[in-house]
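A closer look at the structure
In case you want the letters, here they are:
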Amino acid sequence: MILSFRSRGLKRLHVKGDPRGLNPQHVAKIELILDMLDHARAPEDMNLAKLDFHKLTGENPPRWSVHINGNWCITFAFDGEDVVAVDYEDYH
């Protein structure tokens, strides 16, 4: 279950269904990823084809990333079986 967000836009989409602040071309995939994160119990649950799942280096506590499109990713951490600090980031 997702417990916290770093991105206000992701939180607004997840809680209210309001996509303001997010790239409209990314919204459908973001909704899918948020639903998957909400049901994930471990980071490896996100290791699915076309998401480019990977652990971020140098992060303590560990954070992971899944690919949306281009440079855009959703990053997150786990606290036990819960997802925390979910963010929408442009890596370039």
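Residues numbered from 1 in each chain as written. Predicted model: local features only at pLDDT ≥ 70, side-chain atom pairs only at ≥ 80, totals over all residues. Heavy atoms only, no water.

The name an unreviewed UniProt entry assigns to the protein is Peptidase, from the organism Kumtagia ephedrae.

1. Focus on the overall build of the protein
What the protein contains, in helices and strands, is 2 helices and 4 strands. The order of helices and strands in the protein, counted from the N terminus, is α-α-β-β-β-β. Oriented by its inertia axes, the alpha-carbon framework of the protein measures out at about 30 × 25 × 25 Å. Sorting the 92 residues of the protein into buried and exposed places 40% on the buried side. Contacts in the protein between residues far apart in sequence, at least 24 positions, make up 40% of those at least 6 positions apart. Counting every atom, the protein has about 5,600 Å² of accessible surface; 48% of that belongs to carbon and sulfur. On the protein, the mean spot of the 11 positive side-chain charges and the mean spot of the 14 negative ones are 6 Å from each other. (Helix = DSSP H or I, 4+ residues; strand = E, 2+ residues; numbered from the N terminus. Buried < 20%, exposed > 50% of the residue type's maximum accessible area, 1.4 Å probe, protein only. Contact = heavy atoms within 4.5 Å. Areas by Shrake-Rupley, 256 points an atom, 1.4 Å probe, with all protein chains shown as cover. Lys, Arg positive; Asp, Glu negative; His and termini not counted. Charge placed at Lys NZ, Arg CZ, Asp CG, Glu CD.)

2. Here's the deal with the packing of aromatic side chains
Evaluated as defined, the whole model comprises 3 aromatic pairs. An angle of 85 degrees between the planes, with centres 6.4 Å apart, marks the rings of Trp64 and Phe78 as edge-to-face. Here Phe78 lies in strand E3 (residues 72-79) and Trp64 lies in strand E2 (residues 64-69), a separation of 14 residues in the sequence. Accessibility classification places Trp64 together with Phe78 in one group, the buried group. On the numbers, 4.5 Å between centres and 25 degrees between planes, the contact of Trp72 with Tyr88 is stacked. (Phe/Tyr/Trp six-rings, centres within 6.5 Å; stacked < 30°, edge-to-face > 60°.)

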